[in-house]
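# Structure at a glance
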Amino acid sequence: AQTVTQSQPEMSVQEAETVTLSCTYDTSENNYYLFWYKQPPSRQMILVIRQEAYKQQNATENRFSVNFQKAAKSFSLKISDSQLGDTAMYFCAFMKGSTGTASKLTFGTGTRLQVTL
Amino acid sequence: DVKVTQSSRYLVKRTGEKVFLECVQDMDHENMFWYRQDPGLGLRLIYFSYDVKMKEKGDIPEGYSVSREKKERFSLILESASTNQTSMYLCASSSGSGTYEQYFGPGTRLTVT
């Protein structure tokens, strides 16, 4: 079974600064995907960024980037130039490569990020 | 844009009641999921479905059942609600191919008294 660990329950960052959220996972699979999802207060969960395990290059989406260390089973999220709208709960998630039925997500416990003025 | 809707944002039920939570998606997705979200525990998968009338247990199926009679609709049923089922319930859907991204509904906050 896969496990996903987020060791930082809460973090705070000042507007315009950079923050890194940590995530480690445990799996014996070689083909898998990793995700960061964002859940703003009272709003729907949305996908922030996605990484395929077979890709060595770290994924980036505008101000969001990941540091994917496959050997260390680490998948951290870096948010640059933090904005007030980045305030949210962030979840790291793992998915096995497709086996023909629905691919399930295993979530970490989340990191609550507060962006302050 | 993909839209996943859930029948209620807030729901209050009494212990022992039968509770139905409905989820509808409009993107013709094959896969649908029900999670519960609790503080400090993240999201945990209750049940999922990869086709009409097909379902599989997730990590915490006890006390729940599901129904998928139409591709766009996935229902979660609490046969006899208990106080430990007070939680936020999230529905999600995904395509059976491609990026496998899951799209989430707004959630239903269920309180069982």
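Overview of the structure. (Residues numbered from 1 in each chain as written. Chains lettered and ligands numbered in written order. Predicted model: local features only at pLDDT ≥ 70, side-chain atom pairs only at ≥ 80, totals over all residues. Heavy atoms only, no water.)

The subject of this paragraph is the packing of aromatic side chains. Residues and elements named next belong to chain A. What the rule picks out here adds up to 15 aromatic pairs over all chains. Consider the rings of Phe68 and Phe75, whose centres lie 6.3 Å apart with planes at 80 degrees: the pair is edge-to-face. Of the two residues, Phe68 and Phe75, both sit in the buried class. (Phe/Tyr/Trp six-rings, centres within 6.5 Å; stacked < 30°, edge-to-face > 60°. Buried < 20%, exposed > 50% of the residue type's maximum accessible area, 1.4 Å probe, protein only.)

Counting residues at the interface gives 20 residues for chain A, matched by 23 residues for chain B. Interface area for chain A against chain B, summed over the two sides, is near 1,800 Å², with a carbon-plus-sulfur share of 59%. The tally of links between chain A and chain B comes to zero salt bridges. Between chain A and chain B we count three residue pairs in polar contact (both at pLDDT 80 or more) in total. With four residues, the single largest contributor to the side of chain A that touches chain B is strand 5 (residues 32–39) of chain A. (Contact = heavy atoms within 4.5 Å. Buried area = accessible area lost by both parts, 1.4 Å probe. Salt bridge = Lys/Arg side-chain N within 4 Å of Asp/Glu carboxyl O. Polar contact = N/O pair within 3.5 Å; in protein donor to acceptor, adjacent residues only side chain to side chain. Helix = DSSP H or I, 4+ residues; strand = E, 2+ residues; numbered from the N terminus.)

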